[in-house]
Amino acid sequence: MDIRTFGELIDWTRDLHQNLASCLGHCATANEEERAKALLEYLSTHEAELARIIDEFERQSARNTLETRVYDYLKHNPIETHRTCDQPYGKLDFQGIYREVMDFHGQVMDLYKTLWEKAEIPEARELLAALLEMEKNESMRLARQIGRMDDL
């Protein structure tokens with residue numbers, strides 16, 4: 001996707017989370033390890049919820065902020081994810097899945113942080129700060145929940 005505005009950035013990150021949710025859910029049926037299946041199902045639900053939360057950012061943001069241009073995005077390394085979902089998570093174990101999903105969230109946070117540091121318009125900085133904070137909090141919550149699952 002060619003990202004030109006903050007609105008398109010939000011759409012793109014929402015779609016990334018939704019795609020990941022679908023992929024994780026699809027791969028849950030293919031994984032043979034019970035703990036990994038449970039983790040994939042949990043993560044699928046969590047990612048779908050994140051997509052919904054990100055969608056709310058778009059609904060609540062001012063139109064002029066959403067239409068603000070994002071010039072520096074193209075200089076940022078693209079987020080690597082299993083976009084085609086050829087069942088990569090279906091073959092990973094519990095820890096492998098955890099590492100992949102947390103790496104994905106780390107890449108999203110890096111993107112938001114990079115854009116936040118370069119944003120000159122206060123409204124854009126506020127939007128990026130809120131997105132970054134949400135992503136950080138959800139990643140910490142995810143890490144805690146997965147840690148509890150791992151303890152079982």
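Before reading on, note that the structure itself is shown above.
Before going into details, it helps to say that this report is about the structure given with it. (Residues numbered from 1 in each chain as written. Predicted model: local features only at pLDDT ≥ 70, side-chain atom pairs only at ≥ 80, totals over all residues. Heavy atoms only, no water.)

Quick word on the overall build of the protein chain
The helix and strand tally for the protein chain stands at 5 helices and 0 strands. Along the protein chain, helices and strands appear, N-terminal first, in the series α-α-α-α-α. Here the protein chain has roughly 8,200 Å² of accessible surface; of this, 48% comes from carbon and sulfur atoms. (Helix = DSSP H or I, 4+ residues; strand = E, 2+ residues; numbered from the N terminus. Areas by Shrake-Rupley, 256 points an atom, 1.4 Å probe, with all protein chains shown as cover.)

Here we look at the side chain of Asn 31
Inspection of the secondary structure assignment puts Asn 31 in the loop between helix H1 (6–28) and helix H2 (34–60). For Asn 31, a relative accessible area of 4% gives the class buried. Those residues in contact with Asn 31 that lie beyond four places of it in its chain are Ala 36, Lys 37, Leu 40, Tyr 89, Gly 90, Lys 91, Leu 92 and Ile 97. (Buried < 20%, exposed > 50% of the residue type's maximum accessible area, 1.4 Å probe, protein only. Contact = heavy atoms within 4.5 Å.)

Digging into the nonpolar core
With 40 residues, the main nonpolar core has Leu 9, Leu 43, Tyr 89, Ile 97 and Tyr 112 as its most contacted residues. Mapped onto this core, the elements with two or more residues apiece are H1, H2, helix H4 (94–118) and helix H5 (122–151). The element contributing the most residues to this core is H1, with 10 residues. Setting aside residues up to four positions removed in sequence, Leu 43 forms contacts with Leu 24, Ile 97, Val 101, Leu 142 and Ile 146. (Core = buried A, V, L, I, M, F, W, Y, C linked by side-chain atoms within 4.5 Å.)

Focus: the pattern of salt bridges
For the structure on display, the rule yields 11 salt bridges. Across the pair Lys 113 and Glu 117 runs a salt bridge whose closest N-O atoms are separated by 3.7 Å. One end of the pair is Lys 113 and the other is Glu 117, both in helix H4 and 4 residues apart, which spans about a single turn. Classification of Lys 113 as partly exposed rests on a relative accessible area of 42%. It is possible to trace a salt-bridge network through shared partners that takes in Asp 11, Arg 14, Asp 15, Asp 55, Glu 56, Glu 58 and Arg 59. (Salt bridge = Lys/Arg side-chain N within 4 Å of Asp/Glu carboxyl O.)

Examining the side chain of Glu 135
Mapped onto the elements of the fold, Glu 135 is located in helix H5. In this structure, Glu 135 is buried with no salt-bridge partner, the nearest side chain bearing the opposite charge being Arg 141 at 11 Å. Among the polar contacts made by the side chain of Glu 135, one reaches the side chain of His 17 at a distance of 3.3 Å. Among residues more than four places away in sequence, those in contact with Glu 135 are His 17, His 105, Val 108, Met 109 and Tyr 112. (Lys, Arg positive; Asp, Glu negative; His and termini not counted. Polar contact = N/O pair within 3.5 Å; in protein donor to acceptor, adjacent residues only side chain to side chain.)

Considerations on the packing of H1 against H5
Between two packed helices, both the angle of their axes relative to each other and the distance between the axes serve to describe the pair. Interhelical geometry of H1 versus H5 gives an angle of 10° and a closest axis separation of 12 Å. Taken together, the axis directions place H1 and H5 in an arrangement best described as roughly parallel. Listed contacts from H5 to Phe 6, Leu 9, Ile 10 and His 17 of H1 are Ala 124, Leu 127, Leu 128, Leu 131 and Glu 135. Taken together, the residues that form the contact of H1 with H5 break down as 7 nonpolar, 1 polar and 1 charged. (Axes fitted to C-alpha atoms, helices over the stretch in contact; angles between N-to-C directions. Parallel < 35°, antiparallel > 145°, perpendicular 65-115°, else oblique. Nonpolar A, V, L, I, M, F, W, Y, C, P; charged D, E, K, R; others polar.)

Some remarks on H5
A rise of 1.5 Å per residue sets the reference length of H5, with its 30 residues, at 44 Å; its end C-alpha atoms lie 43 Å apart and thus fit the reference within 8%. Residues of H5 that are buried: Ala 124, Leu 127, Leu 128, Leu 131, Leu 132, Met 134, Glu 135, Glu 138, Ser 139, Leu 142 and Ile 146. Each element contacted by the buried residues of H5 is listed here: H1, H2, helix H3 (63–66) and H4. (Expected span 1.5 Å × (residues − 1).)

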